[in-house]
Amino acid sequence: ETTYREDIHDPAAAAAALAPLAEKVWRHVAAQGIRGRTVTLKAKYADFRIVTRARTLPAWVGSEAEMLAVAQGLLGSVLPDPRGVRLLGVTLSGLEHARGEAPDAGQMELFPG
C-alpha cells in the first residue's frame, strides 16, 4: 500500500497509481512461487475511513496484468468520491505454492524426523 501526499480524486489517476502496487505484489509472489485467487483493494479516504473490496476468481490469477485489471475494476466501487483517497493498497490472498502446497506459515513439526 502507498499513502499519497495529496488526495487522489480522479479515478484514472487512481487506476494508474495501482500499477506499481500490483507490480510489487506480483514480484513478491512470483519470487516465492506463490499463486492466489483473491485480489483485494484497500482505500483510505481523506477522512481516514478505510474500505476494502475483494474479488475471488474461479482460477488462479495468471499474471500481474490480470491482478491489476481486477484491482482497477474494484476501484469503481471506491471512486469517484468527493473525499478523495489518500491511501491505496493491493493484496493477493487465497494463496498456495505453485506446486500445490499452502505457503509455509512457520509451523513447526511436532515430531521432526
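Before reading further, recall that the structure is shown in the block above.
Residues numbered from 1 in each chain as written. Predicted model: local features only at pLDDT ≥ 70, side-chain atom pairs only at ≥ 80, totals over all residues. Heavy atoms only, no water.

Colleague: Looking at this model, I keep getting lost on the overall build of the chain. Mind explaining?
Modeller: Within the chain, the secondary structure is distributed over 2 helices and 6 strands. Helices and strands appear in the chain in the N-to-C order β-α-β-β-β-α-β-β. Across the chain, the fraction of contacts at a sequence separation of at least 24, relative to all contacts at a separation of at least 6, is 73%. Summed over its atoms, the accessible surface of the chain is roughly 6900 Å², and 54% of this surface lies on carbon and sulfur atoms. (Helix = DSSP H or I, 4+ residues; strand = E, 2+ residues; numbered from the N terminus. Contact = heavy atoms within 4.5 Å. Areas by Shrake-Rupley, 256 points an atom, 1.4 Å probe, with all protein chains shown as cover.)

Colleague: What am I meant to see in the side chain of Thr40 here?
Modeller: Positionally, Thr40 belongs in strand β3 (residues 38–45). Thr40 gets classed as buried once you look at its relative accessible area, which sits at 17%. Leaving out residues up to four positions away in the same chain, Thr40 has contacts with Thr52, Arg53, Ala54, Gly89, Val90, Thr91 and Ser93. (Buried < 20%, exposed > 50% of the residue type's maximum accessible area, 1.4 Å probe, protein only.)

Colleague: Hey, could you run me through the packing of aromatic side chains in this one?
Modeller: For any pair of aromatic rings, geometry is given as the distance between the ring centres together with the angle between the planes. A full pass over the atoms with the stated rule returns 0 aromatic pairs. A cation over a ring is seen here: Arg86 above Phe48, with NZ or CZ 4.8 Å from the ring centre. (Phe/Tyr/Trp six-rings, centres within 6.5 Å; stacked < 30°, edge-to-face > 60°. Lys NZ or Arg CZ within 6 Å of the ring centre and 35° of its normal.)

Colleague: I keep staring at the nonpolar core and nothing clicks. Help me out?
Modeller: It is characteristic of soluble globular proteins that their nonpolar side chains tend to be buried jointly. Ranked by internal contacts, the top residues of the largest apolar core, which has 31 residues, are Leu18 and Leu88. Breaking this core down by element, the ones donating at least two residues are β1 (2–8), α1 (11–32), β3, α2 (64–75) and β5 (85–93). Per-element accounting of this core gives the leading share, 9 residues, to α1. (Core = buried A, V, L, I, M, F, W, Y, C linked by side-chain atoms within 4.5 Å.)

Colleague: Can you walk me through the environment of Arg27 in this structure?
Modeller: Here Arg27 is to be found in helix α1. Taking C-alpha positions, Arg27 is 8.4 Å from Glu64, a pair spaced 37 residues apart along the chain.

Colleague: What is the right way to look at the pattern of salt bridges in this model?
Modeller: Pairing is possible between side chains of opposite charge, provided their charged atoms come close. All told, the structure shown has 6 salt bridges when counted by the stated rule. One salt bridge connects Glu96 with Arg35, and the closest N-O pair in it is separated by 2.6 Å. Residue Glu96 is found in strand β6 (residues 96–97), and its partner Arg35 is found in strand β2 (residues 34–35); the two are separated by 61 residues along the sequence. For the salt bridge of Arg83 with Asp81, the shortest nitrogen-to-oxygen distance reads 2.9 Å. Accessibility expressed as a relative area gives 24% for Arg83, which makes it partly exposed. Three or more residues joined by partner-sharing salt bridges are found here, namely Asp47, Asp81 and Arg83. (Salt bridge = Lys/Arg side-chain N within 4 Å of Asp/Glu carboxyl O.)

Colleague: Just to check I follow, could you spell out the sheet that holds β5 for this structure?
Modeller: Two orientations exist for strands paired in a sheet by backbone hydrogen bonds: parallel and antiparallel. Pairing in this open sheet of 4 strands is antiparallel, and the strands run β1-β5-β3-β4 from one edge to the other. Each of the sheet's edge strands pairs with one partner strand only, and the pair in question is β1 and β4 (50–56). Direction aside, neighbouring strands of the sheet carry axes that sit 25 degrees apart on average. As judged from the 8 bridges shared by β3 and β5, these two strands associate in the antiparallel manner. For Thr38, the partnering residue across the bridge sits in β5 and is Ser93. (Pairing = 2+ DSSP bridges. Axes fitted to C-alpha atoms, helices over the stretch in contact; angles between N-to-C directions.)

By themselves these figures say nothing about function.
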